[in-house]
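Here is what each chain is made of, one letter per residue.
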Amino acid sequence: MTWRATILTLFPDMFPGPLGLSLAGRALREERWAIEALDIRSFATDRHRTVDDTPFGGGAGMVMRPDVLDVACEAATSRNPGAPLVYLTPRGRKLDQALVRELAAGPGVTVLCGRYEGVDQRVIEARGMLEVSAGDFVLSGGEPAALLMLDACIRLLPGVMGGAASAEEESHGAEGLLEYPHYTRPAEWQGRKVPEVLLSGHHAEVARWRRAEAEAATRTRRPDLWEQHILRHRAEPTPRASAETKQAKVGRLDGHPAAA
């Protein structure tokens, strides 16, 4: 089944944008994924196609109306059944690789791109939207964040990337580490040499070097990720503990109590 992205936006011409190029563009032409952008204004009922109004309680800016958005969301979700409805907002949970993998593994995603000061809270709650933030910064609208999120998902779809190993070793993979540095020809450039271990042809030593560099980069650049990595490994059972647990389960299944 084709992974499908349905976008609710005031600027449908922004899609597919850069997603129509490179690997994502080729996958789009191969129908590994599909995209449809719906203009929110087409769901407005007045002759001016109004989608926003002044905020209750006063304040600067405008807020997107819940009645217009609800009709738009109904149309979008009916086109993409089973896909989560994501609202991109600085107030949401931060987008990370774990969420990207979850979205990529599903049937697709329906995305609401907000504008102005944001969206009326009532429609967010009524529609059970998943609020997601692209990072700790503010954009002029949800469209750039949607492109970012979609690109991260599309590259994980089957057949999009050339080699599965690339996704396994890159930053924010299963280990939660940043990626090790890369080098290519020439072996010496402006007096800077490629690390000797990478020229040795010794695959085990190269693997050890890359692991050490990944750990060092994570520890110094992203101490938050390093702490999560350490906690994850502490929580994992040791090989001996796993074997003992397995043996205990076998003993119970055989009707014999496991030794204390």
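Predicted model only: the values in this text are computed from it and were never measured.

Focus: the pairing of strand E6 (residues 108-113)
Walk down a regular strand and you will see the side chains alternate between the two sheet faces.
Now for step 1: Buried residues dominate E6, accounting for 6 of its 6 residues.
Now for step 2: Residues Gly-108, Thr-110 and Leu-112 of E6 are buried on one face, and the alternating residues Val-109, Val-111 and Cys-113, pointing to the opposite face, are buried as well.
Now for step 3: As judged from the 5 bridges shared by strand E1 (residues 3-9) and E6, these two strands associate in the parallel manner. Paired with Thr-6 across the two strands is Thr-110, which belongs to E6.

Observations regarding the packing of aromatic side chains
Now for step 1: Applying the stated criterion to the full structure yields 1 aromatic pair.
Now for step 2: Centroid distance Tyr-183 to Trp-209: 6.4 Å. Interplanar angle 55 degrees. Geometry classified as tilted. Residue Tyr-183 is found in the loop between helix H6 (164-169) and strand E8 (188-189), and its partner Trp-209 is found in helix H7 (residues 203-221); the two are separated by 26 residues along the sequence.
Now for step 3: Over the ring of Trp-226 we find Arg-219, and its NZ or CZ is 5.2 Å from the ring centre.

Structural notes on the sheet that holds E6
Now for step 1: Strands sit in the order E2-E1-E6-E5-E7 across an open sheet of 5 strands; the sheet is parallel. Edge positions in the open sheet fall to strand E2 (33-39) and strand E7 (130-133), since each of these has one partner strand only. With direction set aside, neighbouring strand axes in the sheet form an average angle of 35 degrees.
Now for step 2: With 5 bridges joining them, strand E5 (residues 85-94) and E7 adopt parallel strand pairing. Within the sheet, the bridge partner assigned to Leu-88 lies in E7 and is Val-132.
Now for step 3: Docked against the sheet, helix H2 (residues 66-79) engages E1, E2, E5 and E6, running at close to 165 degrees with respect to E1.

Here's the deal with the environment of Ser-78
Now for step 1: Relative to the assigned elements, Ser-78 resides in helix H2.
Now for step 2: It is 10.0 Å that separates the C-alpha atoms of Ser-78 and Thr-110, two residues lying 32 residues apart in sequence.
Now for step 3: Side-chain polar atoms of Ser-78 contact the backbone oxygen of Ala-75, separated by 2.7 Å.

Quick look at the packing of helix H3 (residues 97-104) against helix H5 (residues 143-154)
Now for step 1: The interhelical angle for the contact between H3 and H5, taken along N-to-C directions, is 70 degrees, at an axis separation of 8 Å. By the criterion of interaxial angle, the relationship of H3 to H5 is roughly perpendicular. As for the relative orientation of H3 and H5, their crossing is right-handed in sense. Residues Val-100, Leu-103 and Ala-104 of H3 form the contact with H5, whose participating residues are Met-149, Ala-152 and Cys-153.

A short note on H5
Now for step 1: Here H5 contains 12 residues, and its C-alpha end-to-end distance of 16 Å stays within 8% of the 16 Å for a straight helix at 1.5 Å per residue.
Now for step 2: Most of H5 sits out of view: 9 of its 12 residues are buried.
Now for step 3: All of the buried residues in H5 are Glu-143, Ala-145, Ala-146, Leu-147, Met-149, Leu-150, Ala-152, Cys-153 and Ile-154.
Now for step 4: Next to the buried residues of H5 lie E1, helix H1 (22-29), E2, E5, H3 and E6.

Here's the deal with the pattern of salt bridges
Now for step 1: Overall, the coordinates contain 15 salt bridges when judged by the stated rule.
Now for step 2: Among the ionic pairs, Glu-215 bridges to Arg-211, the shortest N-O distance being 2.9 Å. Here Glu-215 pairs with Arg-211, and both are found in helix H7, just 4 residues apart, close to one helical turn.
Now for step 3: A network of salt bridges, in which partner residues are shared, links Asp-53, Arg-65 and Asp-67.

What to know about unusual backbone geometry
Now for step 1: A cis amide bond, omega 0 degrees, links Phe-15 with the succeeding residue Pro-16.
Now for step 2: Here Pro-16 shows up in the loop between E1 and H1.
Now for step 3: At the junction of Arg-185 and Pro-186, the peptide bond is cis and its omega measures out at 0 degrees in the coordinates.
Now for step 4: Among the structural elements, Pro-186 can be located in the loop between H6 and E8.

Conventions and cut-offs
Residues numbered from 1 in each chain as written. Predicted model: local features only at pLDDT ≥ 70, side-chain atom pairs only at ≥ 80, totals over all residues. Heavy atoms only, no water. Buried < 20%, exposed > 50% of the residue type's maximum accessible area, 1.4 Å probe, protein only. Helix = DSSP H or I, 4+ residues; strand = E, 2+ residues; numbered from the N terminus. Pairing = 2+ DSSP bridges. Phe/Tyr/Trp six-rings, centres within 6.5 Å; stacked < 30°, edge-to-face > 60°. Lys NZ or Arg CZ within 6 Å of the ring centre and 35° of its normal. Axes fitted to C-alpha atoms, helices over the stretch in contact; angles between N-to-C directions. Contact = heavy atoms within 4.5 Å. Polar contact = N/O pair within 3.5 Å; in protein donor to acceptor, adjacent residues only side chain to side chain. Parallel < 35°, antiparallel > 145°, perpendicular 65-115°, else oblique. Left-handed = near helix turned anticlockwise from the far one by under 90°. Expected span 1.5 Å × (residues − 1). Salt bridge = Lys/Arg side-chain N within 4 Å of Asp/Glu carboxyl O.

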